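Below are the chains, spelled out letter by letter.
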Protein chains: 2
Amino acid sequence: MIKTITGKKDFIESLRGKRAEFILALCNSKTANIKGITQAGIPGKIYLTPTLDSEFLAVGEVRSLGDVAQTPKGVPTPALLTRGVHLLKPFSNISFLDLGLKVKPEIEYFDIFEFGIKPSVNIAKEKTFDAKKVFKKGYKFGKNYKTKEEYLIIGESTPSGTTTAKATALALGYEAKDFFSSSFKNVPNDIREKVIQKALKKLKRSDEFFKRLGKVSDNMIVFLAGFLLGIKDTKVILAGGTQMGAVLLVVDAILKNSKLKFDSKNIALCTTKWVAEDKNSNIKSLLELLDFPINAYYSDFDFSLSSHPALKLYDEGEAKEGVGAGGALVYGLLNGVLKEEITKKVESFLV
Amino acid sequence: MIKTITGKKDFIESLRGKRAEFILALCNSKTANIKGITQAGIPGKIYLTPTLDSEFLAVGEVRSLGDVAQTPKGVPTPALLTRGVHLLKPFSNISFLDLGLKVKPEIEYFDIFEFGIKPSVNIAKEKTFDAKKVFKKGYKFGKNYKTKEEYLIIGESTPSGTTTAKATALALGYEAKDFFSSSFKNVPNDIREKVIQKALKKLKRSDEFFKRLGKVSDNMIVFLAGFLLGIKDTKVILAGGTQMGAVLLVVDAILKNSKLKFDSKNIALCTTKWVAEDKNSNIKSLLELLDFPINAYYSDFDFSLSSHPALKLYDEGEAKEGVGAGGALVYGLLNGVLKEEITKKVESFLV
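In what follows, the accompanying structure is described. The structure presented is a predicted model; accordingly, all values stated were derived computationally and were not measured. Sequence order sets the numbering: in each chain, residues are counted from 1 along the sequence as written. The naming scheme follows written order: chains are lettered A onward, ligands numbered 1 onward. Note on the predicted model: pLDDT of at least 70 is required for a residue's local features to be given, and 80 or more for side-chain atom pairs to be given and counted; whole-chain, interface and lining totals, by contrast, use all residues. As a rule here, side-chain values come from all non-hydrogen atoms in the structure, and water together with hydrogens is ignored.

### Here's the deal with the relation of the copies chain B and chain A
Working step 1: Overlay of chain B on chain A (RMSD 0.0 Å): rotation 117°, translation along the axis 2.2 Å.
Working step 2: A share of only 6% of interface residues in chain B that are also interface residues in chain A marks the association as one of differing surfaces. Least-squares fitting of one copy onto the other uses the C-alpha atoms of those residues that reach a pLDDT of at least 70 in both copies. For this analysis, residues touch if any pair of their heavy atoms sits within 4.5 Å.

Right, here's the structure in full:
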């Protein structure tokens with residue numbers, strides 16, 4: 001079942017039975033190198049996570065490493081969910097956006113769009129990236145994007161992305177400090193908060209908009225904000241949790257200070273139950289900060305039908321979302337795929 | 001599941017969820033009239049097999065005869081598999097190539113492309129067909145072929161085709177004598193080998209390339225080799241076993257002696273598990289004779305979920321492949337169709 005977070009069911013119901021293509025935004029942020037900030041990957045090799053996620057999603061094999069990216073306690077990547085849905089009810093196409101990858105995925109035949117973007121900076125340090133340039137690239141890509149399908153689903157794989165997402169929201173002045181999610185069940189607030197505080201301290205009153213973003217955000221957030229403002233007459237599902245919420249906050253902030261037009265009727269956010277029902281974050285309140293109305297939904301899917309210990313960790317609050325898992329689950333449910341089938345398929349990857 | 005024979009998974013994974021059209025090459029070779037050389041059809045009426053296969057695939061009825069073409073022991077045609085997949089996950093279009101049919105199929109509304117080609121000769125006799133002319137027709141047809149879909153799947157129905165395929169490979173000098181499959185479990189080597197030896201004895205040192213083919217091959221092999229060399233920028237799945245392997249050997253041999261260009265990246269071969277795991281043939285070694293790289297896959301489908309005695313014969317090694325069954329099964333699996341569903345559907349044709 002698909003449940004509503006904000007807005008009404010109509011948007012998502014109108015997509016029932018329709019085909020979608022899937023785009024995965026891949027991003028390395030050097031913020032992820034800070035020890036203990038994320039559990040989205042293998043310690044010391046966190047930077048490989050988007051690379052491995054894209055390989056697993058495309059071809060079902062993890063090529064740049066021996067095994068599927070697992071978090072330290074052994075929580076497997078949410079790419080398992082996205083791949084599982086793709087096997088049961090395939091997307092019409094899967095393509096990738098290289099928004100600053102350290103290691104290119106070893107896959108052929110799939111489109112990997114390149115933009116000459118480098119991994120974004122460690123926001124805890126006195127560094128900044130050219131957010132305006134990244135935004136413009138996203139805007140242009142969106143403006144020229146044509147799909148043959150009824151809608152797009154865009155997911156992301158950006159380790160430490162919830163940290164940069166939260167810093168982004170705060171830097172733009174949104175009262176959102178309690179709304180952001182994490183890949184941890186017990187969020188390592190000390191580390192994360194210190195990083196965010198360091199990032200925010202870099203900001204100067206005189207910094208213009210994109211300068212601020214360049215000090216605290218990441219390529220994925222900035223590029224997708226540009227993409228959403230550029231694309232026209234196309235329905236888009238942002239498949240993710242509070243990171244995708246931050247993308248919408250950036251869009252909202254830009255609209256306050258520019259003449260750009262944005263039709264939020266064509267956009268919806270879809271996330272997982274683990275994010276939607278998370279006690280430590282609040283996607284609903286986050287979306288209610290927006291000046292425009294937005295439809296948001298979550299897939300009523302959990303691993304209650306599984307007894308696999310690694311998967312049960314999701315139900316306990318680890319991992320939660322990523323690689324478009326929430327949007328993929330919604331796509332599966334919209335197309336008649338059953339919870340039992342998804343559970344079995346995901347379990348089959350772990351045997 | 002789809003398994004890899006040669007190459008990597010990327011080609012086939014990039015087609016997951018995409019639609020394909022299906023083309024069936026229909027060919028009578030008088031070689032099939034030799035008693036006991038094939039079990040692909042009804043004794044005395046083997047020539048009807050491609051006609052009946054095309055009728056059954058298109059409309060689910062065998063019109064030019066009372067009953068579905070069965071082999072002497074009652075092994076039903078692999079057209080059941082192709083039709084079964086088509087009912088569960090339809091091809092976007094089915095069309096037919098008349099590459100020398102004795103009896104035209106009784107079907108309307110489906111495209112049957114005509115080329116003025118007559119049944120190819122009995123290779124055991126002092127006869128030859130104009131292979132160059134057939135090749136040119138295939139080349140021209142490929143060059144002009146436009147599809148609206150993401151890819152084409154091409155299957156064939158050519159009784160005694162593995163015999164002509166083997167003769168073709170040997171005539172071209174490939175060390176391939178142990179690699180060719182047969183519709184029999186216990187291959188009638190005596191008859192088949194005698195025919196092949198007779199065919200090869202007809203060859204003269206002075207025979208140029210197409211002259212050699214005309215003495216030993218069949219229209220299907222020669223036409224499709226031309227088709228593959230003619231078609232551009234289109235992904236093609238050759239749906240078949242060692243006969244489609246012979247098509248690729250002819251392409252390979254032509255490339256050695258001509259300026260024609262061929263992008264093998266766009267081509268893959270897909271066959272059945274019964275061919276891929278056949279002890280009496282070796283599709284993998286056959287494909288490794290090619291100078292160009294080729295992706296090849298098989299559908300991990302068998303009748304282990306069925307208890308129908310006629311279908312169990314497949315698992316025992318009879319029939320194995322034909323009418324694009326392997327490629328059709330891969331198409332089904334790429335589009336979320338389950339083994340259980342295919343099994344049930346095929347069983348429903350036999351009740």
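### Looking at the side chain of T51(A)
All names here are of chain A.
Working step 1: To qualify as a helix, a DSSP run of H or I must reach at least 4 residues; to qualify as a strand, a run of E must reach at least 2; elements of each kind are numbered from the N terminus. Secondary-structure assignment places T51 in helix α2 (residues 49-59).
Working step 2: Partly exposed residues are those whose accessible area sits between 20% and 50% of the maximum for their type, while under 20% is buried and over 50% is exposed, using a 1.4 Å probe and protein chains only. Exposure remark for T51: the relative accessible area of 0% places this residue in the buried category.
Working step 3: Not counting residues within four places of it along the chain, the set of residues in contact with T51 comprises S64, L101, V103, K104 and P105.

### Thoughts on helix α4 (residues 131-144) of chain B
All names here are of chain B.
Working step 1: The end-to-end C-alpha separation of α4 is 20 Å, in line with the 20 Å expected for 14 residues at 1.5 Å each.
Working step 2: Those residues of α4 lying buried are A131, V134, F135, G138, F141 and G142. Mapping the buried residues of α4 onto a view down its axis gives an arc of 130°, with all of them on the same face. Exposed residues on α4 whose side chains face more than 90 degrees from its buried face are K136, K140, K143 and N144. Multiplying one less than the number of residues by 1.5 Å gives the expected span of a helix. Note: the arc covers the axis-to-C-beta directions of the helix.

### Looking at the sheet that holds strand β6 (residues 235-239) of chain A
Residues and elements named next belong to chain A.
Working step 1: Between any two strands, at least two bridges found by DSSP are needed for them to pair. The strand order across the open sheet built from eight strands is β1-β8-β7-β6-β5-β2-β3-β4, with neighbouring strands paired in mixed fashion. Two strands close off the open sheet at either side, each with one partner strand: β1 (2-6) and β4 (112-114). Direction aside, neighbouring strands of the sheet carry axes that sit 25° apart on average.
Working step 2: Relative to β6, strand β5 (residues 151-157) runs parallel, the two sharing four bridges. Bridge pairing in β6 places Y151 opposite K235.
Working step 3: Only C-alpha atoms enter the line fits that serve as axes; for helices the fit covers just the stretch in contact. Angles between N-to-C directions range over 0 to 180 degrees. Here helix α13 (residues 325-334) sits on the sheet in contact with β1, β2 (20-26), β5, β6, β7 (267-272) and β8 (295-299), set at roughly 100° to β7.

### A word on unusual backbone geometry
Working step 1: Phi angles above zero are rare outside glycine, and A319(A) is one such case at about 70°.
Working step 2: By the secondary structure assignment, A319(A) is in the loop between α12 (309-315) and α13.
Working step 3: Take A319(A): its relative accessible area is 10%, and that puts it in the buried class.
Working step 4: You will see that K320(B), though not glycine, has its phi angle at about 75°, which is positive.
Working step 5: Looking at the secondary structure, you find K320(B) in the loop between α12 (309-315) and α13 (325-334).
Working step 6: Its relative accessible area of 3% is what places K320(B) among the buried residues.

### Some thoughts on the packing of aromatic side chains
Residue and element names in this part refer to chain A.
Working step 1: The aromatic pairing rule takes the rings of Phe, Tyr and Trp, using the six-membered ring of Trp, and pairs them if the centres are within 6.5 Å, calling planes under 30 degrees apart stacked, those over 60 edge-to-face and the rest tilted. One pass over the structure, following the stated rule, counts 43 aromatic pairs over all chains.
Working step 2: Each ring, one from F115 and one from F141, has its centre 5.1 Å from the other, and the planes form 85°; the classification is edge-to-face. One end of the pair, F115, is in the loop between β4 and α4 (131-144); the other, F141, is in helix α4, with 26 residues separating them in the sequence. The same class applies to F115 and to F141, which are both buried.
Working step 3: Taken together, a centroid distance of 6.1 Å and an interplanar angle of 45° make the contact between F141 and F223 tilted. Residue F141 is located in helix α4, and its partner F223 is located in helix α8 (residues 219-230); the two are separated by 82 residues in the primary sequence.
Working step 4: Its relative accessible area of 12% is what places F141 among the buried residues.
Working step 5: Every member of this aromatic cluster is reached through a ring pair, and the members are F113, F115, F141, Y145, F223 and F227.
Working step 6: Taking NZ or CZ as reference, K102 lies 4.3 Å from the ring centre of Y47, over its face. Either the NZ atom of lysine or the CZ atom of arginine qualifies as a charge over a ring when it sits within 6 Å of the ring centre and within 35 degrees of the ring normal.

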